[in-house]
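# Survey of secondary and tertiary structure
Listed here are the chains, written in short residue letters.
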Amino acid sequence: LADDEDSDDKSLQRAIINAVDEAAIYDALGDILIFLPGEREIRDVSHALNQHEMRNTEVLPLFSRLSPAEQDKIFKTHSGRRIVLATNVAETSLTVPGIRFVIDAGLARISRYSPKSKVQQLPIEPISQASANQRAGRCGRVAAGVCFRLYSEENFENRPEHTDPEILRTNLAHVILQMISLGLGDIHAFPFMEPPEKRTIQDGYRLLEELQSINADGRLTDIGKQLIRLPVDPRLGRMVVQAHKERSLHEVLIIVAALSVQDPKVRPPEASQKADEKHAVFTDKSSDFLSWVKLWDWYHEQAHHLSKSKLRKTCTQHFLSYMRMREWHDLHGQLLGIVRDLKMKPN
């Protein structure tokens, strides 16, 4: 299986390099946007392109885990040709300026919930026709553009017209909890435009029962009424409710907020060893969860003594995203206000 995956990866890299060379025939200096499914594929293709001898060409990755400074590079003026390797973040979330060519691998990581494993997964899947057309529309905004699709027209025609809506791809526990709270009736009878599968609904009810948030009659329990107030996944909310009883609410609020936002730790491949050394300051060998608490304490110790500009610089030196640290801090503050309204007192 590994050999087959390696072979597929190399085939994709060769196809992309051929498309890049083909684009150069049209316009040797035209910027190129390449759509790839994930970070690993972007790293591999970036390495292959840098080894492929190309003059006056800059290769830039673009995915959500990059620091804001690295993402901002695509908006800076440049000379020569630029090749941007992106996930579907460049499909609708932002527009890369000056693109003349798009190379579409036809794949993306689509978030899907598995009732069997009880886990939200990110499998690589073929994109829909609508997504493919959206990607093609990224080129030709400043002049006539060309889109290279690395799959056949027949393959395109056999793809679904639209991407499955999120309600068909996610855990429904929070949706069911909200519907019960609002008195919207039985979810099985609710007139959804795209009704979810019965097994997904049943899995949502089972999870809520396990969390003790609904009773046998499908009514909200006292725990359920508390969970409905918390703006996080019901499983994380249940941690908060139990933490109050265990007198560990201070630590668990920090952990729950951390698990609800993007990891603020940045680990660029060109400085991975240095980043690991800096991150070791926050690592607790006994628990990954306590590592979050340690990072939180370090950050607030720095914030207490430094100005905002110096704090931002210190975060950069320790390979931390200042914006994500702020997002974590803001969510924690929101949760703290809610638990106080619920008469919970942090230890």
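Note that the coordinates shown come from a computational prediction; the quantities given were computed from them, not determined experimentally.

By size, the foremost hydrophobic cluster in this structure holds 52 residues, and its most contacted members are Leu-230, Val-240, Leu-295, Trp-328, Leu-335 and Val-339. At the level of elements, helix H7 (173–182), helix H8 (198–210), helix H9 (222–227), helix H10 (234–246), helix H11 (249–259), helix H13 (288–305), helix H14 (308–317) and helix H15 (322–341) are the ones that each hand at least two residues to this core. Setting aside residues up to four positions removed in sequence, Leu-335 forms contacts with Leu-230, Pro-231, Val-232, Leu-253, Val-256 and Ala-257. By size, the runner-up hydrophobic cluster in this structure holds 23 residues, among which are Ala-23, Leu-36, Phe-63 and Ile-83.

Right, let's get into the pairing of strand S4 (residues 99–104). Most of S4 sits inside the fold, with 6 of its 6 residues counted as buried. Alignment of strand S1 (residues 31–35) against S4, held across 5 bridges, turns out to be parallel. Counterpart to Leu-33 in the pairing with S4 is Val-102.

We now examine H8. For H8, which comprises 13 residues, the first-to-last C-alpha distance of 18 Å matches the rise-based estimate of 18 Å (1.5 Å per residue) to within 8%. Among the residues of H8, Thr-200, Ile-201, Asp-203, Gly-204, Tyr-205, Leu-207 and Leu-208 are the ones counted as buried. Residues of H8 that are buried make contact with strand S6 (112–114), H7 and H10. Following H8 by one or two positions, Gln-212 has its phi on the positive side, about 60 degrees.

With the rule as written, the count across this model stands at 7 aromatic pairs. The interplanar angle of 70 degrees and the centroid separation of 6.4 Å between the aromatic rings of Tyr-26 and Phe-148 together place this pair among those described as edge-to-face. Within this pair, whereas Tyr-26 is found in helix H1 (residues 2–26), its partner Phe-148 is found in strand S9 (residues 146–149), the two being separated by 122 residues in sequence. Judged by its relative accessible area of 52%, Tyr-26 is exposed.

Next up on the list: H10. Every α-helix carries 3.6 residues per turn, so stepping three or four residues along brings you back to the same face. Under the 1.5 Å per step criterion, the end-to-end length of H10 is 18 Å for 13 residues, consistent within 8% with the ideal 18 Å. All of the buried residues in H10 are Pro-234, Leu-236, Gly-237, Arg-238, Val-240, Val-241 and Ala-243. Looking at the buried positions of H10, the neighbouring elements they touch are H7, H9, H11 and H15. Two or three places before Arg-235, at the start of H10, stands the capping residue Asp-233, its side-chain oxygen 2.8 Å from that residue's backbone nitrogen.

Right, let's get into the environment of Ala-243. Topologically, Ala-243 is positioned in helix H10. You can call Ala-243 buried: its relative accessible area is 3%. When sequence neighbours within four positions are dropped, the list of residues in contact with Ala-243 reads Ser-248, Leu-249 and Val-252.

This paragraph deals with the sheet that holds S1. Note: strands within a sheet are paired through backbone hydrogen bonds, in either parallel or antiparallel orientation. An order of S2-S3-S1-S4-S9 is seen for the 5 strands of this open sheet, with the pairing classed as parallel. At either end of the open sheet lies a strand with only one pairing partner, and these are strand S2 (57–62) and S9. With direction set aside, neighbouring strand axes in the sheet form an average angle of 15 degrees. Two elements, S4 and S9, share 4 bridges in a ladder whose sense is parallel. Note that in S9 the partner of Phe-101 across the bridge is Val-146. Relative to strand S3 (residues 81–86), helix H2 (residues 39–51) is tilted by about 155 degrees, and along the sheet it contacts S1, S2 and S3. Sheet strands in contact with helix H5 (residues 129–136) are S1, S4 and S9, and its direction is about 140 degrees off that of S9.

Attention now moves to the side chain of Gln-13. For Gln-13, the location among the structural elements is in helix H1. Discounting residues that sit within four places of it in the chain, Gln-13 has contacts with Asp-44, Val-45 and Ala-48.

The subject of this paragraph is unusual backbone geometry. Among all residues except glycine, the phi angle is most often negative; among peptide bonds, the trans geometry is most common. With a phi angle near 65 degrees, Lys-118 is a residue other than glycine that sits in the positive phi range. Relative to the elements of secondary structure, Lys-118 occurs in the loop between S6 and strand S7 (119–121).

A few words now on the packing of H13 against H15. For the pair H13 and H15, the least separation of the axes is 12 Å and the interaxial angle reads 100 degrees. As the angle between them shows, H13 and H15 are arranged roughly perpendicular. Contact residues: H13 offers Trp-292, Leu-295, Trp-296, Tyr-299 and His-300, while H15 offers Tyr-322, Met-325, Arg-326, Trp-328, His-329 and His-332. Classifying every residue of the contact of H13 with H15 by side-chain character gives 7 nonpolar, 3 polar and 1 charged.

Thresholds applied
- Residues numbered from 1 in each chain as written.
- Predicted model: local features only at pLDDT ≥ 70, side-chain atom pairs only at ≥ 80, totals over all residues.
- Heavy atoms only, no water.
- Core = buried A, V, L, I, M, F, W, Y, C linked by side-chain atoms within 4.5 Å.
- Buried < 20%, exposed > 50% of the residue type's maximum accessible area, 1.4 Å probe, protein only.
- Helix = DSSP H or I, 4+ residues; strand = E, 2+ residues; numbered from the N terminus.
- Contact = heavy atoms within 4.5 Å.
- Pairing = 2+ DSSP bridges.
- Expected span 1.5 Å × (residues − 1).
- Phe/Tyr/Trp six-rings, centres within 6.5 Å; stacked < 30°, edge-to-face > 60°.
- Polar contact = N/O pair within 3.5 Å; in protein donor to acceptor, adjacent residues only side chain to side chain.
- Axes fitted to C-alpha atoms, helices over the stretch in contact; angles between N-to-C directions.
- Parallel < 35°, antiparallel > 145°, perpendicular 65-115°, else oblique.
- Nonpolar A, V, L, I, M, F, W, Y, C, P; charged D, E, K, R; others polar.

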